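Chain residues, written in single-letter form:
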Amino acid sequence: MLDLKNFDQNAVSNPENNVFGLPSTEENADLIVISVPWEVTVSYGSGTAKAPEAICRASLQVDLYDPQFPDAWKRGFYLTPTDKQLQLKSAYLRREAELYIDYISRGEELKANQFMCKSIREVNEGGEYLNNWVYQQAKTHLKNKKLVGLLGGDHSTPFGLYKALAEQHDEYGILQIDAHCDLKKAYEGFKYSHASIMYNALNEIPQIKTITQVGVRDMSQDEWEYIQNSNGRVIPYFDQDIKERQFGGDTFREIAAEIIDSLPQKVHISFDIDGLDPKLCPNTGTPVPGGFELDRMFYLFHEILKSGRKVIGFDLVEVGVGDTEWNANVGARALFKLCNALTTSN
């Protein structure tokens, strides 16, 4: 167990320590956050592969006292080091994907270009590699009785964690905070695209009972039809509908209660940072006007725990890296609240 009797939480954070300045190790921390520097299939802005390291640096400025979860940090949080080989693999395949996306966007025939056929094959093989890498990491930590979260990277990264959790739990639901549905089948030809994560999760992991989507404000016709035909497995709370209800007098407290009622007993939180107002995450991969303030999401997390539901994991994804520390600063505070919620719930 992590011995924090002599740790001064009010002192300046030691940069030699782990995330949030905690003197945690993989062995003594209760919660392991898997760092996944991967952004191969991003279809607009890039930079999320650098987010884990940037968020770790920014986390040194986060005060450890949280009035909602004042002692959660004492359980110990540990962010795994960036795997440089994985990061290099992501960078190489990202260039392949960019060339391929540019090629097909011009209406060119895929079969007519052997190089592009090779590129799409390598990218899809890379997606399978990533899924297995994350799965093996998560499975090992869960077997060692650790709580597990994930820090991306783009939104394709947590699939392996979902799979590992499915081996631990007969069924669970996902609370997805996101500007997008991510229900596209093999978007742009990439089977494990960031825009396909929830489609793949629902189709390949039967233990996922439902996905409640909160904040969506950008979707395709196919995704809308998928939701309509999901037999209640996808439960949407669109950003526009939430705002219109508030304009009509409903409180966010009332809406949050409905959202929580839609969740099963066990919940994984998937927090795509673009679910927030873009002023909080300007360098996220695909920003969309609208979205939430961060305190609304923190309220939602707290109410989930008050409802008696159990948080079994989380992922925080799509945090961009810009010219300033702002994106990482917001990401670090979101990560801290997620860590606190997961440890307190267990």
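Residues numbered from 1 in each chain as written. Predicted model: local features only at pLDDT ≥ 70, side-chain atom pairs only at ≥ 80, totals over all residues. Heavy atoms only, no water.

Asks: Can you walk me through the overall build of the protein in this structure?
Replies: Helix and strand counts for the protein come out as ten helices and eight strands. Against the 2.2 N^0.38 benchmark of 20 Å for 346 residues, the protein shows a C-alpha radius of gyration of 19 Å, consistent with a compact globule. Principal axes of the C-alpha set define a box for the protein whose edges measure 65 × 50 × 40 Å. Buried residues in the protein amount to 56% of all 346 residues. Pairs at least 24 residues apart make up 77% of the contacts formed inside the protein by residues separated by at least 6 positions. On the protein, roughly 15,200 Å² of surface is accessible, and the fraction owed to carbon and sulfur atoms is 47%. (Helix = DSSP H or I, 4+ residues; strand = E, 2+ residues; numbered from the N terminus. Rg over C-alpha atoms; globule rule 2.2 N^0.38 Å. Buried < 20%, exposed > 50% of the residue type's maximum accessible area, 1.4 Å probe, protein only. Contact = heavy atoms within 4.5 Å. Areas by Shrake-Rupley, 256 points an atom, 1.4 Å probe, with all protein chains shown as cover.)

Asks: I tried to follow the environment of Asp71 on my own but got confused; where do I start?
Replies: Among the structural elements, Asp71 can be located in the loop between helix H1 (51–59) and strand E2 (77–79). In this structure Asp71 comes out as partly exposed when scored by relative accessible area, which is 46%.

Asks: What is the right way to read the pairing of strand E5 (residues 208–214) from this model?
Replies: A regular strand places its side chains so that they alternate between the two faces of the sheet. Of all the seven residues making up E5, six are buried; the element is thus mostly covered by neighbouring parts of the structure. Inspection of the sheet shows strand E4 (residues 172–177) paired to E5 by five bridges, in the parallel sense. In the sheet register, Ile174 faces E5, and the bridge partner there is Ile211. Taking the sense of rotation as the criterion, the β-α-β connection linking E4, helix H5 (residues 197–204) and E5 turns out right-handed. As paired elements, E5 and strand E6 (residues 234–237) share four bridges and run parallel to each other. Of the residues in E6, the one forming a bridge with Ile211 is Val234. In this fold, the crossover linking E5 to E6 by way of helix H6 (residues 221–228) has right-handed handedness. (Pairing = 2+ DSSP bridges. Right-handed = clockwise from strand over helix to strand, strands pointing away.)

Asks: Is there a simple way to think about the sheet that holds E4 in this case?
Replies: Strand pairing in a sheet takes place through backbone hydrogen bonds and is either antiparallel or parallel in direction. Read from one edge of the open sheet, eight strands run E2-E1-E3-E8-E7-E4-E5-E6, paired in parallel fashion. Of all strands in the sheet, those with a lone pairing partner are E2 and E6, marking the two edges. Taking each pair of neighbouring strands and ignoring which way they run, the sheet shows an average axis angle of 20 degrees. Where E4 meets strand E7 (residues 266–272), five bridges bridge the pair, whose relative direction is parallel. When the bridges of E7 are listed, Ile174 appears paired with His268. (Axes fitted to C-alpha atoms, helices over the stretch in contact; angles between N-to-C directions.)

Asks: Would you take a moment to explain the pattern of salt bridges for this structure?
Replies: A side chain of one charge can pair with a side chain of the opposite charge when the charged atoms of the two come close. Evaluation of the coordinates by the stated rule reveals 14 salt bridges. Across the pair Lys74 and Asp71 runs a salt bridge whose closest N-O atoms are separated by 3.4 Å. On the accessibility criterion, Lys74 (42% relative accessible area) is partly exposed. The shortest N-O distance in the salt bridge between Lys279 and Asp277 comes to 3.2 Å. According to the relative accessible area criterion, Asp277 is partly exposed, its value standing at 22%. Through salt bridges with shared partners, a single network forms among Arg245, Asp250 and Glu258. (Salt bridge = Lys/Arg side-chain N within 4 Å of Asp/Glu carboxyl O.)

Asks: Any chance you could explain the side chain of Ser262 here in plain terms?
Replies: By secondary structure assignment, the location of Ser262 is in the loop between helix H8 (252–261) and E7. What makes Ser262 buried here is its relative accessible area of 17%. Polar side-chain contacts of Ser262 include one of 2.6 Å to the backbone oxygen of Ile259. Here Ser262 is in contact with Thr210, Thr212, Ile235 and Tyr237, once residues within four sequence places are set aside. (Polar contact = N/O pair within 3.5 Å; in protein donor to acceptor, adjacent residues only side chain to side chain.)

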